[in-house]
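# Architecture at a glance
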Amino acid sequence: MSFWVYCNSCFLSAAADRQLAVTTCGHVICSVCYQKGKQKNCLICSSQCQISPLSDKSSSEVKTLFSDINVVTTKHLTEISKVISFQSRHQRKLLTHYKKRNEKLEETFVKMKQEMQNMAKKLNEQSVYIAKMEKSLQHQSAMAPPVSQMSRASYSAHVQKPGAVSSRPSSQNMPGFHSSQSPSVSRFQGAPLTPELSAFNHRSAWTSPIFKPSSSFRGSMSSLVCPSP
Ligand SMILES: [Zn+2]
Ligand SMILES: [Zn+2]
């Protein structure tokens, strides 16, 4: 029995002729003092209570209250340490996973940043090039002599290859060609056009029935929508 366990009435420890008991109201009383008091009533606080003798046969709840605090502490600290170890192991794993993912994301971010810088650099270079080309074109159109009938003839002869699509004479074709051009395209007058572009400006190209579906095609389309029985 521990040194601090004594009767709360006579303050004596347990002995051969003095057994100790614990009450449901939480007091400790010896067998001698208990005989002096009323049955079923605590001698200390006078409340109704039951008593349980302190022995090896006591309940586990009573035994726990009188157990060695060092043993209890060691037992619980071992349990706490197990729980902490288990939980921290899982938390570390999760942290490692997030760190790796973060590293990958950072790598991707750096790559994308680099790529964006490269693209911005290229864009800047292209803008400078375009500005240079526009300036050069303006300079060329300013320096070029007025377009005469002779130069137009030589121009159309240059554009139209032998056996080209156009069947009209160049003198009828070219005035219409020039009047239909937008101001933004007109700066390309000095530059030689490809035969394909020339053919596209030809009026007959727009009235071509290429995109009109034939009657047989319409028939096949309607059969797709409303299948014949
Ligand atoms: Zn006593
Ligand atoms: Zn009591």
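This structure is a prediction, so every number in the text was calculated from the model and none was measured. Residue positions are given per chain, counted from 1 along the sequence in the order it is written. Chains and ligands are labelled sequentially in the order written, the chains with letters from A and the ligands with numbers from 1. Residues qualify for local features only when their pLDDT is at least 70, as the model is predicted, and side-chain atom pairs are given and counted only at 80 or more; totals for whole chains, interfaces and linings, by contrast, use all residues. Heavy atoms throughout the structure, all of them, feed into the side-chain values; hydrogens and water do not.

### A short note on the UniProt feature "coiled-coil region" (unreviewed entry) in the chain
This is how the line gets drawn: UniProt positions are given in the numbering used here, feature names are shortened, and annotations may be inferred rather than shown by experiment. A run of H or I in DSSP counts as a helix once it spans at least four residues, and a run of E counts as a strand once it spans at least two, with each numbered from the N terminus.
Here, the residues flagged by UniProt with the feature "coiled-coil region" (unreviewed entry) are residues 95-122. Helix makes up 100% of residues 95-122 and strand 0%, whereas the separation of the span's terminal C-alpha atoms amounts to 40 Å.

### Side note on the coordination of the zinc ion (ligand 2)
Geometry reference: four tetrahedral donors at a metal, ideal angle 109.5 degrees. Six octahedral donors, ideal angles 90 or 180 degrees. As a reminder, the rule being used: Metal-coordinating donors are taken as N, O and S atoms lying within 2.8 Å of the metal, or within 3.2 Å when the metal is Na, K or Ca; because water is left out, some sites can appear incomplete. A site with four donors is called tetrahedral when every donor-metal-donor angle falls between 85 and 135 degrees; four donors are called square planar, and six octahedral, when opposite donors sit more than 155 degrees apart and all other angles fall between 65 and 115; any other arrangement is irregular.
Looking at the zinc ion (ligand 2), one finds its protein donor set to be C25 (SG), H27 (ND1), C42 (SG) and C45 (SG), positioned 2.2 to 2.3 Å from the metal centre. Classification of the site at the zinc ion (ligand 2) rests on its four donor atoms, whose angles at the metal span 102 to 116°, yielding the label tetrahedral. Read in sequence order, the donor residues for the zinc ion (ligand 2) give the motif C-x1-H-x14-C-x2-C. With C25 in the loop between β1 (20-23) and β2 (28-30) and C45 in the loop between α1 (31-36) and β3 (51-53), the pair connects residues that are 20 residues apart, well separated along the chain.

### Notes on the UniProt feature "domain: RING-type" (unreviewed entry) in the chain
UniProt marks residues 7-46 with the feature "domain: RING-type" (unreviewed entry), using the numbering shown here. For residues 7-46, the end-to-end C-alpha separation is 15 Å, with 15% helix and 18% strand making up the annotated structure.

### Digging into a nonpolar patch on the surface
Selection rule: In this scheme, patches are assembled from residues that exceed 30% relative accessible area and form no salt bridge. Like charges are connected within 9 Å, while nonpolar side chains (Val, Leu, Ile, Met, Phe, Trp, Tyr) are connected within 5 Å. Areas reported here follow the Shrake-Rupley algorithm with a probe of radius 1.4 Å; residue values treat only the protein chains shown as occluding. Every case where a carboxyl oxygen of Asp or Glu lies within 4 Å of a side-chain nitrogen of Lys or Arg is listed as a salt bridge. When a residue's accessible area, from a 1.4 Å probe over protein chains only, is under 20% of the maximum for its type it is buried; when over 50% it is exposed; and in between it is partly exposed.
Among the surface-exposed residues, L77, I80 and I84 lie close enough to one another that they form a single nonpolar patch of about 290 Å² accessible area. As for its position among the elements, I80 is in helix α3 (residues 69-143). A relative accessible area of 46% places I80 in the partly exposed class.

### Looking at the confidence of the model for the chain
This is how it is decided: Known as pLDDT, the predictor's confidence for each residue is given on a scale from 0 to 100. Should any heavy atoms of two residues lie within 4.5 Å, those residues are considered in contact.
Predicted confidence across the chain gives a mean pLDDT of 77, with 63% of residues reaching 70 or more. Confidence, expressed as mean pLDDT per element, reaches its minimum in the chain at helix α8 (residues 203-206) with 46 and its maximum at α3 with 97. pLDDT under 50 marks residues 164-213. Its contacts with residues more than four places away, or in other chains, come to 34 contacts. With pLDDT under 50 throughout, residues 216-229 is counted as low confidence; its partners more than four residues away or in other chains account for one contact.

### Points about the coordination of the zinc ion (ligand 1)
At the metal site, the zinc ion (ligand 1) is ligated by C7 (SG), C10 (SG), C30 (SG) and C33 (SG), and these contacts range over 2.1 to 2.4 Å. Note that the zinc ion (ligand 1) binds four donor atoms; their angles at the metal cover 101 to 120°, and the shape is tetrahedral. For the zinc ion (ligand 1), the donor residues sit on a single chain with the sequence spacing C-x2-C-x19-C-x2-C. A residue pair is termed long-range when its members are at least 10 positions apart, and C10 in the segment before β1 and C30 in strand β2 qualify at 20 residues. A residue is classified by how much of its surface remains accessible, and C10, at 28% relative accessible area, is partly exposed.

### Some words on the side chain of S58
Here is the rule: Here a polar contact is recorded for every N or O atom pair within 3.5 Å, except that within protein the pair must consist of a potential hydrogen donor and a potential acceptor, and residues adjacent in sequence are included only if both atoms are side-chain atoms.
The residue S58 is located in the loop between β3 and α2 (60-65) in this model. A distance of 2.9 Å separates a polar atom in the side chain of S58 from the backbone oxygen of P53. A distance of 2.9 Å separates a polar atom in the side chain of S58 from the backbone nitrogen of S55. Excluding residues within four positions of it along the chain, S58 makes contact with P53 and K63.

### Things to note about the packing of aromatic side chains
For the record, the criterion: In this scheme Phe, Tyr and Trp rings, the latter by its six-membered ring, pair at centre separations within 6.5 Å, and the angle between planes marks the pair as stacked below 30 degrees, edge-to-face above 60, and tilted otherwise.
As enumerated under the stated definition, the model contains two aromatic pairs in all. Centre to centre, the rings of W4 and F66 are 5.7 Å apart; their planes meet at 5°, and the pair counts as stacked. Highlighted residues: W4 in the segment before β1 and F66 in the loop between α2 and α3, separated in sequence by 62 residues. Exposure remark for W4: the relative accessible area of 40% places this residue in the partly exposed category. According to the relative accessible area criterion, F66 is buried, its value standing at 16%.

### Things to note about the environment of V28
Within the element layout of this structure, V28 appears in strand β2. In sequence terms V28 and N8 are 20 residues apart; their C-alpha atoms lie 5.5 Å from each other. In contact with V28, other than residues within four places in its own chain, are Y6, C7, N8, L20, A21, V22 and F66.

### Some points on the nonpolar core
As a reminder of what qualifies: Buried residues of nine kinds, namely Ala, Val, Leu, Ile, Met, Phe, Trp, Tyr and Cys, make up a nonpolar core once their side-chain atoms join them within 4.5 Å.
Residues V5, C7, L20, V22, V28, I29, C30, C33, Y34, L54, V62 and F66 constitute the largest nonpolar core, which totals 12 residues. Put simply, the parts of the chain that give this core at least two residues each are β1, β2 and α1.

### Considering α3
Let me state the cut-off plainly: Multiplying one less than the number of residues by 1.5 Å gives the expected span of a helix.
Here α3 contains 75 residues, and its C-alpha end-to-end distance of 107 Å stays within 8% of the 111 Å for a straight helix at 1.5 Å per residue. Structurally, the start of α3 carries an N-cap: the backbone nitrogen of N70 is 3.1 Å from a side-chain oxygen of D68.

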